[in-house]
Amino acid sequence: VESRLGFRVAGKMIKRQADVGQRVKAGQVLAQLDPQDYKLSADAARAQVSAAQTNRDLAAADLKRFKDLLDKNFISAAEFERRETSLKAAQAQLDQAQAQLSSQRNQSAYTRLLADAAGVVTGIEAEVGQVVSAGMPVVRLAQDGARDAVFAVPEDKLAGWRVGQDVAVQLWGAA
């Protein structure tokens, strides 16, 4: 089984740690993109989470104050419901910001191309300095495990062969 591995995000390849013929382990880093833009996006997402938490905390404090005012009949139930709705909206914004941060963290992690299985590198399709798109094949990897062999038998010799028959194999250059 041969896999054509590529990054899940686009970027400029800054490092390649695999060469043709090299044996690799599952999870081993094969290549890396410049992660700077993805790190900056993650930093921005962290700032959005912080701002959303502050807004949610402020809305929660407002709701508590307005609850006390409602208990004393200083405000209407409608005004209290508006504050309750503001808290729910602030919580939803926080949830959205946290999801965005999680997504940005994933994007940053995708700047490293990892071997999906143990095997041998059979091809390199991108070089350091090249800008690659998401999904573009960068490394071909022949996975360890069972191997398939294909034999070409002339039609006039086919009758002499049967499934499961033992065969002797000799490489052309090894005679």
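All figures in this text were calculated on a predicted structure; none of them were measured in a lab.

A. Spatial organisation of the sheet that holds strand β4 (residues 29-33). The antiparallel open sheet is built from 4 strands, whose spatial order is β5-β4-β2-β7. Edge positions in the sheet fall to β5 (112-114) and β7 (131-132), since each of these pairs with one other strand and no more. When strand β2 (residues 11-16) meets β7, the two strands line up antiparallel, connected through 2 bridges. The residue bridging K12 from the neighbouring strand is V131, located in β7.

B. Spatial organisation of helix α1 (residues 36-71). The end-to-end C-alpha distance of α1, which contains 36 residues, comes to 53 Å, matching closely the 52 Å that a straight helix rising 1.5 Å per residue would cover. For α1, every residue scored as buried is listed here: Y38, A42, A45, V49, A52, A59, D62, L63, F66 and L70. Looking one or two residues past α1, N73 carries a phi angle of roughly 60 degrees, positive in sign.

C. A look at the nonpolar core. In this structure, F7, M13, L30, L113 and V138 are the most contacted members of the largest nonpolar core, which totals 18 residues. Elements represented by at least two residues in this core include exactly β4 and β8 (137-143). Not counting residues up to four positions away in its chain, the partners in contact with L113 are L5, G6, F7, Q28, V29, L30, A31, V138 and V139. In this structure, V49, A52, L94 and A97 belong to the second largest nonpolar core, which totals 6 residues.

D. Layout of helix α2 (residues 77-109). An ideal rise of 1.5 Å per residue puts 48 Å on 33 residues; α2 measures up with 48 Å between its terminal C-alpha atoms. Each element contacted by the buried residues of α2 is listed here: α1.

E. Fine view of the sheet that holds strand β1 (residues 2-6). Sheet architecture is open: 4 strands sit in the order β1-β8-β6-β3, paired in antiparallel fashion. Edge positions in the sheet fall to β1 and β3 (23-24), since each of these pairs with one other strand and no more. Alignment of strand β6 (residues 119-124) against β8, held across 5 bridges, turns out to be antiparallel. Counted as the bridge partner of G123 is R140 from β8.

F. Inspection of the pairing of β8 at higher detail. The element β8 is largely enclosed, with a buried count of 5 among its 7 residues. In the sheet, β1 pairs with β8 via 5 bridges, with the strands oriented antiparallel. Following the sheet pairing, G6 is matched in β8 by P137.

G. Molecular detail of the confidence of the model for the protein chain. The predicted model of the protein chain has a mean per-residue pLDDT of 92, with 98% of residues at 70 or higher. β4 holds the highest mean pLDDT among the elements of the protein chain, 97, whereas β1 holds the lowest, 94.

H. A look at unusual backbone geometry. Phi at N73 is positive, roughly 60 degrees, even though this residue is not glycine. Here N73 lies in the loop between α1 and α2. Look at N73 and you get exposed, because its relative accessible area is 67%.

Reading guide: rules and limits
- Residues numbered from 1 in each chain as written.
- Predicted model: local features only at pLDDT ≥ 70, side-chain atom pairs only at ≥ 80, totals over all residues.
- Heavy atoms only, no water.
- Pairing = 2+ DSSP bridges.
- Helix = DSSP H or I, 4+ residues; strand = E, 2+ residues; numbered from the N terminus.
- Expected span 1.5 Å × (residues − 1).
- Buried < 20%, exposed > 50% of the residue type's maximum accessible area, 1.4 Å probe, protein only.
- Core = buried A, V, L, I, M, F, W, Y, C linked by side-chain atoms within 4.5 Å.
- Contact = heavy atoms within 4.5 Å.
- pLDDT = per-residue confidence, 0-100.

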